[in-house]
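Chain residues, written in single-letter form:
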Amino acid sequence: MKLPPYADALGLVEEAGDGGPPVLMMPYATAVMGRPGFLHGGALGGLLEVAAIASLRHALAAEGGADSQVKPINVTVDFMRGGREKETRALGIVTRLGTRVANVEAHAWQDERDRPIASARMNYLIVRG
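Values in this document were obtained by computation on a predicted structure and should not be read as measured data.

Enquirer: Account for the packing of aromatic side chains, with residues named and values stated.
Expert: Under the definition given, this model contains zero aromatic pairs. Against the face of Phe 38 rests Arg 35, its NZ or CZ located 3.8 Å from the ring centre. The ring of Phe 38 carries Arg 84 above its face, with NZ or CZ at 4.3 Å from the centroid.

In structure tokens form, the structure reads like this:
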């Protein structure tokens, strides 16, 4: 799956999965550093948004709509703890896939998947091709 151009700027890598939505990994680098020793909130928000888009595109492709376009309606990010100087992973979960609108959640973690450092809820307009 081709990720949005912003994924390249963040250095995102799609990890091999089980056939479900992709898990994205963002390596720690100075380009994503905020205050010393921590991730920048914008980079973390970008990781969550790209994970949500990747998950939504995966769901659309599964129902034959791989050529559909998605456009964000709104994004809400909850920062739960500071991201440290290490790899960060994120996964998007499509909670509702309608004809024109999709609701997606995304969660980012570092050490333990069940201890997220940030979460997001997003709504997307779907323009089906």
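Enquirer: Can you break down the pairing of strand β2 (residues 23–26) residue by residue, with the values?
Expert: The alternating pattern of β2 places Val 23 and Met 25 on one face and Leu 24 and Met 26 on the opposite face, and all of these are buried. One ladder, built from three bridges, connects strand β1 (residues 13–15) with β2; its direction is antiparallel. Bridge pairing links Glu 15 to Val 23 in β2. Examined bridge by bridge, β2 and strand β4 (residues 88–97) share four bridges and lie antiparallel to one another. Considered in β4, the bridge of Met 26 is made with Thr 88.

Enquirer: Can you tell me about the confidence of the model for the protein, naming the residues and giving the values?
Expert: In this model, the protein carries an average pLDDT of 93, and 99% of its residues clear a pLDDT of 70 or more. Averaged pLDDT values for the elements of the protein fall to 90 in helix α1 (residues 5–10) and rise to 98 in strand β5 (residues 101–109).

Enquirer: Tell me what's going on with the pattern of salt bridges, and back it up with residues and numbers.
Expert: Per the stated rule, a full pass over the model turns up five salt bridges. Note that Arg 89 and Glu 15 form a salt bridge whose closest N and O atoms lie 3.0 Å from each other. In this pair, Arg 89 is assigned in strand β4 and Glu 15 in strand β1, connecting sequence segments 74 residues apart. Glu 15 gets classed as partly exposed once you look at its relative accessible area, which sits at 25%. Notably, a salt bridge pairs Glu 87 with Arg 89, separated by 3.0 Å at the nearest N-O pair. Note on Glu 87: relative accessible area 38%, which makes it partly exposed. One connected set of salt bridges, linked through shared partners, spans Glu 15, Glu 87 and Arg 89.

Enquirer: Would you mind going over the side chain of Ser 119 in detail, with residue names and values included?
Expert: Within the element layout of this structure, Ser 119 appears in strand β6 (residues 118–127). Ignoring anything within four residues of it in the chain, the contact list for Ser 119 reads Leu 48, Thr 76, Val 77, Asp 78, Met 80, Ala 106 and His 107.

Enquirer: Explain the environment of Met 80 residue by residue, including any values.
Expert: Tracing the backbone shows Met 80 in the loop between β3 (69–79) and β4. Of the residues examined, Met 80 reaches a relative accessible area of 42% and is grouped as partly exposed. The sequence separation of Met 80 and Val 127 amounts to 47 residues, and the corresponding C-alpha distance is 33 Å. If sequence neighbours within four positions are ignored, Met 80 has contacts with Pro 116, Ile 117, Ala 118 and Ser 119.

Enquirer: Lay out the sheet that holds β5 in plain terms, naming residues and giving numbers.
Expert: Here we have six strands laid out as an open sheet, ordered β1-β2-β4-β5-β6-β3, and antiparallel in their pairing. If you trace the sheet from one side to the other, it starts and ends with β1 and β3, each paired once. Ignoring which end each strand starts from, the neighbouring axes of this sheet average 30° apart. The sheet contacts of helix α2 (residues 41–62) involve β2, β3, β4, β5 and β6, and relative to β4 the element is tilted by about 45°.

Cut-offs applied
For every chain, the first residue of the written sequence is number 1, and numbering continues from 1 along that sequence. Residues qualify for local features only when their pLDDT is at least 70, as the model is predicted, and side-chain atom pairs are given and counted only at 80 or more; totals for whole chains, interfaces and linings, by contrast, use all residues. Side-chain descriptors were evaluated using all non-hydrogen atoms of the structure, hydrogens and water having been removed beforehand. In this scheme Phe, Tyr and Trp rings, the latter by its six-membered ring, pair at centre separations within 6.5 Å, and the angle between planes marks the pair as stacked below 30 degrees, edge-to-face above 60, and tilted otherwise. Remark: a charge is flagged as sitting over a ring if the NZ atom of Lys or the CZ atom of Arg is within 6 Å of the ring centre and within 35 degrees of the ring normal. Throughout, exposure labels follow a simple rule: accessible area from a 1.4 Å probe, protein chains only, divided by the maximum for the residue type, with under 20% read as buried, over 50% as exposed, and the rest as partly exposed. Working definition: helices are DSSP H or I runs of at least four residues, strands are E runs of at least two. Numbering for both runs from the N terminus. Only strands that DSSP links by at least two bridges are regarded as paired with each other. Each residue carries a pLDDT value, the predictor's own confidence for that position, ranging from 0 to 100. For salt bridges, the criterion is a side-chain nitrogen of Lys or Arg within 4 Å of an Asp or Glu carboxyl oxygen. Residue contacts are counted whenever heavy atoms from the two residues lie within 4.5 Å of one another. Think of each axis as a best-fit line through the C-alpha atoms, taken over the contacting stretch in the case of a helix, with angles from 0 to 180 degrees between the N-to-C directions.

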